[in-house]
Amino acid sequence: MNREKALALVKEQITERRYIHTLGVVESAIELAERYGADVKKAELAAIFHDYAKFRPKEEMEQIIIAEKMDPALLEYNMELWHAPVGAYLVNKEAGIQDAEILDAIAHHTSGRVGMSLLDKVVYLADYIEPGRSFPGVDEVRQTAKQNLDHAVIQALRNTVVFLMKRNQAIYPDTFKTYNDLIMNLKEKM
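Residues numbered from 1 in each chain as written. Predicted model: local features only at pLDDT ≥ 70, side-chain atom pairs only at ≥ 80, totals over all residues. Heavy atoms only, no water.

Enquirer: Describe the overall build of the protein chain, naming the residues involved and giving the relevant values.
Expert: The number of helices and strands found in the protein chain is 10 helices and zero strands. Seen in sequence order, the protein chain has helices and strands lined up from the N terminus as α-α-α-α-α-α-α-α-α-α. In terms of overall dimensions, the protein chain is globule-like: its C-alpha atoms have a radius of gyration of 16 Å, near the 16 Å expected for 190 residues. Structurally, the protein chain occupies a C-alpha span of about 45 × 35 × 30 Å along its principal axes. (Helix = DSSP H or I, 4+ residues; strand = E, 2+ residues; numbered from the N terminus. Rg over C-alpha atoms; globule rule 2.2 N^0.38 Å.)

Following this line, the structure appears as structure tokens:
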């Protein structure tokens, strides 16, 4: 699917503000993919579709999680997580994207996952550092992203966990598992 068609499909599903965010994620994903050797076309498509289900009704997302036998623990955590796996499902069904690597990157762009692929990391980080984001710690992660992808993803995960903890919010276990996996892999490389 070409960029224009993909953007047109996404624009129908999200708000104007979220569309501007999406364009920033696309720009960041392409830059990261080029820097770290990921497939640029796949990074672009995954970034375009990453928030495809963001504004779907809660009931619809809940029904899809149950019907498609997605991790039932998702329903116990903040519904902000739901749009990622539900989005991957809907992008496949409604937009016809069948590439498993693209769908995985969409499905895990909020929580990460153990064994993240290069494309997963690119999309996760692009969503975190896109130019429209402005919150404590984002500039440091942007700087790290210019030097080391894994370190930047770890930094983003750490910031997310601390942010949620300061607000007394539950943290989805996959986020911890992702952080631990990346830290352990770094230690193995040393």
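Enquirer: Please give an account of helix α1 (residues 3–11) that cites residues and values.
Expert: Since the α-helix packs 3.6 residues into each turn, any two residues three or four apart lie on the same face. Along α1, the residues classified as buried are Ala-6, Leu-7 and Val-10. Looking straight down α1, one finds that the buried residues subtend no more than 95° of arc, so they occupy a single side. Pointing more than 90 degrees away from the buried face of α1 are the exposed residues Glu-4 and Lys-5. Residues of α1 that are buried in the fold lie against α2 (16–36) and α3 (40–49). (Buried < 20%, exposed > 50% of the residue type's maximum accessible area, 1.4 Å probe, protein only. Arc of directions from axis to C-beta. Contact = heavy atoms within 4.5 Å.)

Enquirer: Describe in detail the side chain of Ser-111, supporting the description with residues and values.
Expert: With respect to the helices and strands, Ser-111 occurs in the loop between α6 (100–107) and α7 (118–129). Relative accessible area serves as the criterion here: at 5%, Ser-111 is assigned to the buried category. Setting aside residues no more than four positions away along its own chain, Ser-111 makes contact with Leu-81, Tyr-124, Leu-157, Tyr-172, Asp-174, Thr-175 and Thr-178.

Enquirer: Give a detailed account of the nonpolar core, specifying residues and quantitative values.
Expert: Ranked by size, the top nonpolar core spans 59 residues in total, and within it Leu-32, Phe-49, Val-86, Val-91, Ile-97, Val-122 and Leu-125 carry the most contacts. Sorting elements by how many residues they give to this core places α7 first, with eight residues. In this view, Leu-32 contacts Val-122, Leu-125, Ala-126, Ile-129, Ala-145 and Leu-149; residues no more than four positions away in its chain are not counted. (Core = buried A, V, L, I, M, F, W, Y, C linked by side-chain atoms within 4.5 Å.)

Enquirer: Would you mind going over helix α5 (residues 83–95) in detail, with residue names and values included?
Expert: With 13 residues, α5 ought to run about 18 Å at 1.5 Å a step, yet its terminal C-alpha atoms sit only 15 Å apart, falling short of that. In the core, the buried residues of α5 are packed alongside α1, α3, α4 (58–67) and α6. Backbone geometry just downstream of α5 places Gly-96 in the positive-phi region, at approximately 75°. (Expected span 1.5 Å × (residues − 1).)

Enquirer: Give a detailed account of the packing of aromatic side chains, specifying residues and quantitative values.
Expert: Inspection of the entire model under this criterion finds three aromatic pairs. Plain terms: the ring middles of Tyr-77 and Tyr-172 are 5.4 Å apart, the flat faces sit at 75° to each other, and that makes the pair edge-to-face. Here the residue Tyr-77 occupies a position in the loop between α4 and α5, and Tyr-172 occupies one in the loop between α9 (149–166) and α10 (173–189), the gap between them amounting to 95 residues. Note on Tyr-172: relative accessible area 7%, which makes it buried. (Phe/Tyr/Trp six-rings, centres within 6.5 Å; stacked < 30°, edge-to-face > 60°.)

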